[in-house]
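The residues making up each chain are set out below.
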Amino acid sequence: MGSLFRSEEMTLCQLFLQSEAAYACVSELGELGLVQFRDLNPDVNAFQRKFVNEVRRCDEMERKLRYLEKEIKKDGIPMLDTGESPEAPQPREMIDLEATFEKLENELREVNQNAEALKRNFLELTELKHILRKTQVFFDEQEGGLNTTTESMTRALITDEVRTGHSMGPVQLGFVAGVISREKLPAFERMLWRACRGNVFLRQAMIESPLEDPSNGDQVYKSVFIIFFQGDQLKTRVKKICEGFRATLYPCPEAPADRREMAMGVMTRIEDLNTVLGQTQDHRHRVLVAAAKNLKNWFVKVRKIKAIYHTLNLFNLDVTQKCLIAECWVPVLDIETIQLALRRGTERSGSSVPPILNRMQTFENPPTYNRTNKFTKAFQALIDAYGVATYREMNPAPYTIITFPFLFAVMFGDLGHGAIMALFGLWMIRKEKGLAAQKTDNEIWNIFFGGRYIIFLMGVFSMYTGLIYNDIFSKSLNIFGSHWEVNYNKSTVLENKYLQLNPETSDYLGTPYPFGMDPIWQVAGANKIIFQNAYKMKISIIFGVIHMIFGVAMSYHNHTYFKNRLSLIFEFIPQLIFLLFLFFYMVLLMFIKWNRYAATNKPPYSASCAPSILITFIDMVLFNTPKPVPEGCEVYMFGGQHFFQVVFVLVALSCIPVMLLGKPLQIMKQRKHANVQPITGSDAEVGMSNGQPAAHGAGGHHDEEEMSEIFIHQGIHTIEYVLGSVSHTASYLRLWALSLAHAQLAEVLWNMVLSIGLKQEGWFGGIMLTIVFAFWAILTVGILVLMEGLSAFLHTLRLHWVEFQSKFYQGTGYAFQPFSFDAIIENGSAASSAENE
């Protein structure tokens, strides 16, 4: 059977490579992506392995590339991505790559340091320019006759000597000027007042435009200040406070002529700096543009080199130090392809000794490898999210391709909503190459895009079930013409809110609607929900029982493949009988009831005589006597029903002890006869491929288990199956419940939103309808398609994981993770993007 239905057959191989050919051979295997290497040095420290220096060199090159990438992204320069993957460079090319990256990094760091120094100088000159300009205003006020401020300032700063009565001579005030961050200014002013006890005078003015911080490029708002004081003691104290608040002090001459001369010099230097800064930025831009053309390819090359040396560290060296020995898992079908790749690597390296690939005998569980394509990949991911399949057990993915969108559609049955979903999925499929090339980091979008084929199939299946339900945005399509002729007049239809259809009358023409539901049910307000509920509830149980029987049937293929005779006899057969004789019989009763009873029939097969399937099933299981029925009706649906029901229940109940005790007792009997602990009977022949066991969890590996553990395990398994058969059957009623909820929400949106716009008339009605339609469309897409779609998706996922897969799927394996350059580069790119963010 192909890999789609079972995982690929795997084998453990031993690989012998010449030292000079090992690099090229591993490079070819990385391009192929079909070999999973094992670590033959698990106890050796990572820093003591043979190729640790090469890995360190690759780490250093990758660090330099990340630095270049960060600088390129900072300048918004687009990086060229051809979509092609260059081959892994030869080891001798590492020296050239290292030299190139070293030169680029040093040049870029030097340019950045020069630019930062220039920007810092530019910032200082700009701040000095603002100081000279703002302080000039302060001094102009004093010279222009506005001496009130100066007089009050002088009185405030008068010395203690003057206060004591000495003659007051001319007071000489000192001052300092500087720039401080605007948010620090209030605290700075308070600290000056408190520390200097009010003996200073502060004037400040805001710098309107923000200044660039040269260290990080942030825009900072600052203010110019000038502080007047008297005496050296206050001067020292003021400077310490400025230093504590990281305020920058600048020299400011007292003479107006000196200030004007300094201002002119500052403006000249600023113009020169602008010229130099522009040239520096142009040079930096040219360096980054040149690097951006090759950066993607450099990343790929370095990651490939690093991956090769990391893989070579998993190998063992033979005693002659000339041969590397590796062990690897490979798919049996791809051994010839792998040997061809090894031959290519040997020829490329120029080695004369061919590599040797030997298959090994092992009892270790192989990894699980399901070969997928872009269509089956998403469905396989749904299965693997529950648990990776045990080696070579039946794979539910191919069956899920059909059952998953179908069960989803049963809950999401609406032609309109399904069309929206199908068109969205089809758009992603048609544009998948362009969308995949964008490589966005948006997780929600990546989930949608990864499941594009699932979304498309769910939409198509929902359109089909929407036709069956005859439901499109809560309305019906009259394709074939109604098979009812209701004789209601206009006033009855418009005024009576509780119209109902009665199939006993001549209103029903006697033949069913050709496909799906008759559109007349859309106006049957009184019994529409009753009719649809009965229909959807029964088909939910029918689909659920068939789905579970199919799951039990899948376990038959597992037991026969692994030659697990005990599980086949004492588990599969009683499980199938239990499910068929109880729950499938209930499904048969539904079909019998649909076929025999009708509103137009006469007793004993009239609708009033039809028994309840649920009550009949409960009476059957509890051996209850059926309740009396109306006159003219029959208790049972067919002759001999009571006898068959008693037999079915007794046989189903007798299956429980068989499931509970049959397998453990048989194992005990075999151990007693053999006086050892073997694998049971033909279970010893577990379908080994090259000495490999098929799967421990597949059912037959009990040689090391205690009998008490076997009894407990079998008891848990039996109780879980018996009780689960009841709960799982009821669990499928979610198909009915969510279908009802979806239809009712769609009807509420139509009646309470869109109908408001449809009832308006005239030009106002056109405007109102446009607004209301937009609101209705947003709610339809947001609530009914997205939220209801997600809800139905999760419920469908649960039905597959729990109700279906629990019948045959163990999911205790581990995934095949081959050495693949594509996967390594993809993961490396994602990690690099996350680090940059």
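- Under an unreviewed UniProt entry, the protein has the name V-type proton ATPase subunit a and belongs to Musca domestica.
- Looking at the Function (unreviewed entry) heading of the UniProt record, one finds this comment for the protein: "Essential component of the vacuolar proton pump (V-ATPase), a multimeric enzyme that catalyzes the translocation of protons across the membranes. Required for assembly and activity of the V-ATPase."
- In the Sequence similarities (unreviewed entry) part of its UniProt record, the protein is described as follows: "Belongs to the V-ATPase 116 kDa subunit family."

1. Examining the overall build of the protein
- Within the protein one finds 24 helices and 11 strands.
- Its C-alpha atoms give the protein a radius of gyration of 42 Å, clearly above 28 Å, the size a compact globule of 837 residues would have.
- Accessible surface, the protein as shown: approximately 43,900 Å² in total, 59% of it carbon and sulfur.
- In the protein, the 79 positive side-chain charges and the 85 negative ones have mean positions that sit 1 Å from each other.

2. Brief notes about the packing of aromatic side chains
- Scanning the entire structure with this criterion turns up 47 aromatic pairs.
- Seen from their ring centres, Phe406 and Phe461 are 6.5 Å apart, and the 75° between their planes marks the pair as edge-to-face. Taken together, the residues Phe406 in helix α11 (residues 397–411) and Phe461 in helix α15 (residues 452–469) connect sequence positions 55 residues apart.
- A ring pair is formed by Trp750 and Trp776, whose centres lie 6.3 Å apart and whose planes are at 90°; its orientation type is edge-to-face. Placement of the pair is Trp750 in helix α22 (residues 734–758) and Trp776 in helix α23 (residues 762–804), with a sequence separation of 26 residues. Considered together, Trp750 and Trp776 belong to a single accessibility category, that of buried residues.
- Through a chain of ring-to-ring contacts, the aromatic side chains of Phe5, Tyr386, Tyr399, Phe550, Trp801, Phe804, Phe808 and Tyr809 assemble into a single cluster.
- Taking NZ or CZ as reference, Arg6 lies 4.1 Å from the ring centre of Tyr561, over its face.

3. Some details on the UniProt feature "transmembrane region" (unreviewed entry) in the protein
- Under the local residue numbering, the UniProt record ascribes the feature "transmembrane region" (unreviewed entry) to residues 401–429, 449–469, 539–556, 568–592, 604–623, 643–662 and 763–787.
- The annotated region residues 539–556 carries 100% helix and 0% strand content, and the separation between its end C-alpha atoms amounts to 26 Å.
- In this annotation, residues 763–787 is assigned 100% helix and 0% strand; the end-to-end C-alpha distance for the span is 35 Å.

4. A word on the pairing of strand β10 (residues 323–331)
- Most of β10 is tucked away, with nine of its nine residues classed as buried.
- Judged by which residues are buried, β10 turns out to be covered on both faces: Cys323, Ile325, Glu327, Trp329 and Pro331 on one side and Leu324, Ala326, Cys328 and Val330 on the other are all buried.
- Relative to β10, strand β1 (residues 10–18) runs antiparallel, the two being bridged by nine bridges. Bridging across to β10, Cys13 finds its partner in Cys328.
- Sheet analysis places strand β2 (residues 36–37) next to β10, joined by two bridges and oriented antiparallel. Paired with Gln36 across the strands is Trp329, a residue of β10.
- Where strand β9 (residues 316–317) and β10 come together, two bridges link them in antiparallel fashion. By the bridge assignment, Leu317 is partnered in β10 with Leu324.

5. Focus on the domain arrangement of the protein
- Domain parsing of the protein yields domain 1 (129–146 + 172–273) and domain 2 (375–479 + 515–674 + 708–807).
- Look at where the C-alpha atoms of domain 1 and domain 2 centre, and you get two points 78 Å apart.

6. Focus: helix α12 (residues 415–430)
- In this model, α12 (16 residues) spans 22 Å end to end at C-alpha, consistent with the 22 Å of a helix rising 1.5 Å per residue.
- Contacts from the buried residues of α12 go to α11, α13 (432–438), α14 (443–450), α15, α22 and α23.
- The distance from a side-chain oxygen at the start of α12 to the backbone nitrogen of Gly416 is 2.9 Å, and the residue carrying that oxygen is Asp414.

7. Considerations on a nonpolar patch on the surface
- A cluster of nonpolar side chains, Ile420, Phe424, Trp427, Ile444, Phe448, Leu745, Val781, Ile783, Leu786 and Met787, forms an exposed patch at the surface whose accessible area comes to about 850 Å².
- Elements supplying a minimum of two residues to the nonpolar patch: α12, α14 and α23.
- Ranked by residues supplied to the nonpolar patch, first place goes to α23 with four residues.
- Among the secondary structure elements, Met787 is positioned in helix α23.
- On the basis of relative accessible area, Met787 is assigned to the exposed category, the value being 55%.

8. Digging into the state of the cysteines
- Throughout the structure, instances matching the rule amount to one disulfide.
- In this model Cys609 forms its disulfide with Cys633; the gap between the sulfur atoms is 1.8 Å. Residues Cys609 and Cys633 share a disulfide whose torsion about the S-S bond is about -60°; that sign makes it left-handed. Pair noted here: Cys609 is in the loop between α18 (565–596) and α19 (613–622) and Cys633 is in the loop between α19 and α20 (641–674), with a separation of 24 residues, a long-range link.
- The cysteine Cys25 is free of any disulfide, with Cys323 supplying the nearest cysteine sulfur at 11 Å.

9. Some details on the pattern of salt bridges
- Under the counting rule described, the total for this entry stands at 30 salt bridges.
- Between Glu364 and Arg38 there is a salt bridge, with the nearest N and O atoms lying 2.8 Å from each other. Taken together, the residues span a long stretch of sequence, with Glu364 in the loop between β11 (356–360) and α10 (376–386) and Arg38 in the loop between β2 and α2 (52–74) at a distance of 326 residues.
- Among the ionic contacts, a cluster of salt bridges with common partners joins Glu28, Glu87, Arg344 and Arg348.

10. Regarding unusual backbone geometry
- In this model, Pro603 is joined to Pro604 through a cis peptide bond whose omega is 10°.
- Position of Pro604 relative to the elements: it lies in the loop between α18 and α19.
- Phi is positive for Arg392, close to 70°, though the residue is something other than glycine.
- With respect to the secondary-structure elements, Arg392 resides in the loop between α10 and α11.

11. Quick notes on the sheet that holds strand β7 (residues 222–229)
- Spatial strand order, β4-β7-β3-β8: four strands in an open sheet with antiparallel pairing. Two strands close off the open sheet at either side, each with one partner strand: β4 (201–206) and β8 (248–250). Between one strand axis and the next, the sheet turns by 25° as a mean value, whatever way the strands run.
- Pairing geometry for strand β3 (residues 174–181) and β8, over three bridges, is antiparallel. Following the sheet pairing, Ala177 is matched in β8 by Tyr250.
- Helix α6 (residues 185–195) rests against β3, β4 and β7 of the sheet, and its axis sits at about 10° to β7.
- Along the sheet, helix α7 (residues 232–244) makes contact with β3, β7 and β8, crossing β7 at roughly 165°.

12. Regarding the packing of α22 against α23
- At a minimum axis distance of 8 Å, the contact between α22 and α23 shows a crossing angle of 170°. When the interaxial angle is binned, α22 and α23 end up roughly antiparallel.
- Classifying every residue of the contact of α22 with α23 gives 20 nonpolar, six polar and three charged.

13. Focus: the UniProt feature "coiled-coil region" (unreviewed entry) in the protein
- Residues annotated in UniProt with the feature "coiled-coil region" (unreviewed entry) correspond here to residues 51–128.
- The span residues 51–128 shows a helical share of 76% and a strand share of 0%, and its end C-alpha atoms are spaced 57 Å apart.

14. Description of the side chain of His483
- Among the structural elements, His483 can be located in the loop between α15 and α16 (490–495).
- For His483, a relative accessible area of 17% corresponds to the buried category.
- A polar contact is formed between the side chain of His483 and the backbone oxygen of Pro512, at a distance of 3.3 Å.
- Here His483 is in contact with Asp507, Tyr508, Leu509, Thr511, Pro512, Tyr513, Pro514 and Asp518, once residues within four sequence places are set aside.

15. Some words on the confidence of the model for the protein
- For the protein, per-residue confidence averages 87 on the pLDDT scale, and residues scoring 70 or more make up 91% of the total.
- pLDDT under 50 marks residues 145–151. Its contacts with residues more than four places away, or in other chains, come to five contacts.

The rules behind each value
Residues numbered from 1 in each chain as written. Predicted model: local features only at pLDDT ≥ 70, side-chain atom pairs only at ≥ 80, totals over all residues. Heavy atoms only, no water. UniProt positions renumbered as here; feature names shortened; annotations may be inferred. Helix = DSSP H or I, 4+ residues; strand = E, 2+ residues; numbered from the N terminus. Rg over C-alpha atoms; globule rule 2.2 N^0.38 Å. Areas by Shrake-Rupley, 256 points an atom, 1.4 Å probe, with all protein chains shown as cover. Lys, Arg positive; Asp, Glu negative; His and termini not counted. Charge placed at Lys NZ, Arg CZ, Asp CG, Glu CD. Phe/Tyr/Trp six-rings, centres within 6.5 Å; stacked < 30°, edge-to-face > 60°. Buried < 20%, exposed > 50% of the residue type's maximum accessible area, 1.4 Å probe, protein only. Lys NZ or Arg CZ within 6 Å of the ring centre and 35° of its normal. Pairing = 2+ DSSP bridges. Domains from an automatic or database assignment. Expected span 1.5 Å × (residues − 1). Contact = heavy atoms within 4.5 Å. Polar contact = N/O pair within 3.5 Å; in protein donor to acceptor, adjacent residues only side chain to side chain. Patch = residues over 30% accessible without salt bridge, like charges linked within 9 Å, V, L, I, M, F, W, Y side chains within 5 Å. Salt bridge = Lys/Arg side-chain N within 4 Å of Asp/Glu carboxyl O. Disulfide = S-S within 2.5 Å. Axes fitted to C-alpha atoms, helices over the stretch in contact; angles between N-to-C directions. Parallel < 35°, antiparallel > 145°, perpendicular 65-115°, else oblique. Nonpolar A, V, L, I, M, F, W, Y, C, P; charged D, E, K, R; others polar. pLDDT = per-residue confidence, 0-100.

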